Amino acid sequence: MSRAGAFALALAVLVAAPLLAQDPKTDPKTESVHVVLPGETLGGIAQRAEVPRVLIIEANSLKAPYALRAGQKLVIPRRRSHTVKAGETGFDVAMIYGVPWSAIAAANAIKPDAALKAGQKLAIPTVSAKPATAAAQPSISTDPESGLPDTAAPTFIWPLQGKIRRAFIAGKQGQTGHDGIDILAPAGTAVRASAAGKVIFAGQGPEEYGLTVIVWHAGRWTTTYSYLDKITVKVGDKVKATERVGLVGQTGLAEVPQLHFEVRRNKLAQDPVRYLPKAKR
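Residue positions within a chain follow its written sequence, with the count starting from 1. At least 70 in pLDDT is required for a residue's local features to be given in this predicted model, at least 80 for side-chain atom pairs to be given and counted, and no such filter applies to totals for whole chains, interfaces and linings, which use all residues. The basis for every side-chain value is the complete set of non-hydrogen atoms in the structure, without hydrogens or water.

**Re the overall build of the chain**
Reasoning step 1: Runs of H or I in DSSP of at least four residues are treated as helices and runs of E of at least two as strands, each being numbered from the N terminus. From N to C terminus, the chain includes six helices and 16 strands.
Reasoning step 2: Partly exposed describes any residue whose relative accessible area lies between the buried limit of under 20% and the exposed limit of over 50%, with all areas from a 1.4 Å probe on protein chains only and scaled to the type maximum. Classification of the 281 residues of the chain by burial places 41% in the buried group.
Reasoning step 3: Note on contacts: a residue pair qualifies if any of its non-hydrogen atoms lie within 4.5 Å across the two residues. Of the contacts formed within the chain by residues at least 6 apart in sequence, a portion of 59% connects residues at least 24 apart.
Reasoning step 4: If you sum the accessible surface of the chain, you get close to 15500 Å²; carbon and sulfur atoms cover 56% of it. Accessible surface is estimated by sampling points in the Shrake-Rupley manner with a 1.4 Å probe; for residues, cover comes only from the protein chains shown.

Below is the structure:
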């Protein structure tokens, strides 16, 4: 074999090696978790997965120089998108995906306070799938629409003690319900996280909600705390159950000092009382 022929053969083997090593059962293009094979690189995996390299780095908290080892497990974050519906706000989108609105806005190069338009397409960035440890629950199933696991309910506690002024009312077709419960309490009373999780919204919500905090728990469970006078956490904070997230106020639609509290699963409002310990009388 000529010197040129030997070089060409060696080059062909070098190029083909990653493909020969690839098991069709472990194709990054279809996997949500990829086990690194000998000789694989981050760039090569990203290319085959058709996912930007930076998203894999962020999803796995990788550090430069991003060297991989055989047997290492990598989360392959799938690109998600959302088409804005009429009347939807950044607040709504953040609550649906469990991703801070500030992160979604940054990923789409728009200002956090920008108004959304019906039909607008938004890229939903990947966030760590691990909120505060205490919130983790066994996985039940995965909804391919959101990419987040559906889990059993966290153990919720009352965010404060007080009389329920207005109960939960399930919305029916053509009728408006009440998506949570309103709990009376003196202005300035501490509002506590109902379960461990991560703050995905903290600020002025839709007009009727007033100052609002949303905490994302395991899977697709969130709790919402509204009508606040003051917010004591910021987006991205990990909170423990009973940790203060704000102070009772009279913002939004509140006519007297109270807390509007919601529990949502798979985007849908649930009756919080079903998940809270039986109130002491």
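Here the narrative resumes.
**Looking at the pattern of salt bridges**
Side chains carrying opposite charge are able to pair once their charged atoms draw close together.
Reasoning step 1: Note on definitions: salt bridges are taken to be side-chain nitrogens of Lys or Arg within 4 Å of carboxyl oxygens of Asp or Glu. Here the structure, examined in full by the defined rule, presents five salt bridges.
Reasoning step 2: A salt bridge links Glu40 to Arg48; the nearest nitrogen and oxygen atoms lie 2.6 Å apart.
Reasoning step 3: The closest approach of N and O atoms between Glu262 and Arg264, which form a salt bridge, is 3.0 Å. As far as the burial class goes, Glu262 and Arg264 line up, both buried.
Reasoning step 4: Residues joined in a network through salt bridges with shared partners are Asp179, Glu262 and Arg264.

**Here we look at the pairing of strand β10 (residues 197-204)**
Reasoning step 1: Most of β10 sits inside the fold, with six of its eight residues counted as buried.
Reasoning step 2: Should DSSP find at least two bridges between two strands, the strands are regarded as paired. One ladder, built from two bridges, connects β10 with strand β13 (residues 238-239); its direction is antiparallel. Each bridged residue has a counterpart across the sheet, and for Lys198 the counterpart in β13 is Lys238.
Reasoning step 3: Summarising the sheet, β10 and strand β11 (residues 211-216) pair through six bridges and their orientation is antiparallel. Bridging across to β11, Lys198 finds its partner in Trp216.
Reasoning step 4: Adjacent in sequence and paired antiparallel, β10 and β11 are bridged by six residues, among which Gly210 carries a positive phi angle near 65 degrees.

**A word on the side chain of Glu40**
Reasoning step 1: Note that Glu40 resides in the loop between β1 (33-35) and α2 (42-49).
Reasoning step 2: Definition of a polar contact: a pair of N or O atoms within 3.5 Å, with one able to donate and the other able to accept a hydrogen when the atoms are protein atoms, and with sequence-neighbouring residues admitted only if both atoms are side-chain atoms. Among the polar contacts listed, one links the side chain of Glu40 to the side chain of His34, at a separation of 2.9 Å.
Reasoning step 3: Not counting residues within four places of it along the chain, the set of residues in contact with Glu40 comprises His34, Val35, Ile45, Arg48 and Leu68.

**Observations regarding the confidence of the model for the chain**
Reasoning step 1: Scored from 0 to 100, pLDDT reflects the predictor's confidence in each residue. Mean pLDDT over the chain works out to 79, with 79% of the residues at or above the 70 mark.
Reasoning step 2: Below pLDDT 50 for its whole length, residues 1-24 participates in seven contacts with residues either more than four positions away or in separate chains.
Reasoning step 3: For residues 128-146, every residue scores under 50 in pLDDT, and the model assigns this stretch 41 contacts once sequence neighbours within four places are set aside.

**Some points on the packing of α2 against helix α3 (residues 53-60)**
Reasoning step 1: Packing of α2 against α3 leaves a shortest axis separation of 9 Å and a crossing angle of 110 degrees. Judged on the interaxial angle alone, α3 and α2 are roughly perpendicular. For the pair α2 and α3, the crossing hand works out as right-handed. Only Arg53, Ile56 and Ile57 of α3 make contact with α2, whose side of the interface consists of Leu42, Gly43 and Ala46.
Reasoning step 2: Across the contact of α2 with α3, the residue classes tally to four nonpolar, one polar and one charged. Angles here are taken between N-to-C directions and fall from 0 to 180 degrees, while the axes themselves are lines fitted to C-alpha atoms, restricted in helices to the stretch in contact. In what follows, roughly perpendicular refers to angles from 65 to 115 degrees, roughly parallel to angles under 35, roughly antiparallel to angles over 145, and oblique to any angle outside these ranges. Left-handed describes a crossing whose near helix is turned anticlockwise from the far helix through less than a right angle; right-handed describes the clockwise counterpart. Under the grouping applied here, Gly and all other residues not named as nonpolar or charged are polar, the nonpolar ones being Ala, Val, Leu, Ile, Met, Phe, Trp, Tyr, Cys and Pro and the charged ones Asp, Glu, Lys and Arg.

**A word on the nonpolar core**
Reasoning step 1: Judged by nonpolar contacts, the single largest core of 24 residues is most densely connected at Val191, Val213 and Tyr225.
Reasoning step 2: Looking at this core, the elements with two or more residues in it are β8 (181-184), β11, β12 (221-231), β14 (244-248) and β15 (258-265). What is meant by a nonpolar core is a set of buried Ala, Val, Leu, Ile, Met, Phe, Trp, Tyr and Cys residues, joined one to another through side-chain atoms within 4.5 Å.

**Focus on the side chain of Gln270**
Reasoning step 1: Checked against the element boundaries, Gln270 lands in strand β16 (residues 268-270).
Reasoning step 2: Side-chain polar atoms of Gln270 contact the backbone oxygen of Leu268, separated by 3.2 Å.
Reasoning step 3: Not counting the four nearest positions on each side in its chain, Gln270 is found in contact with Phe168, Asp179, Val263, Arg264, Arg265 and Tyr275.

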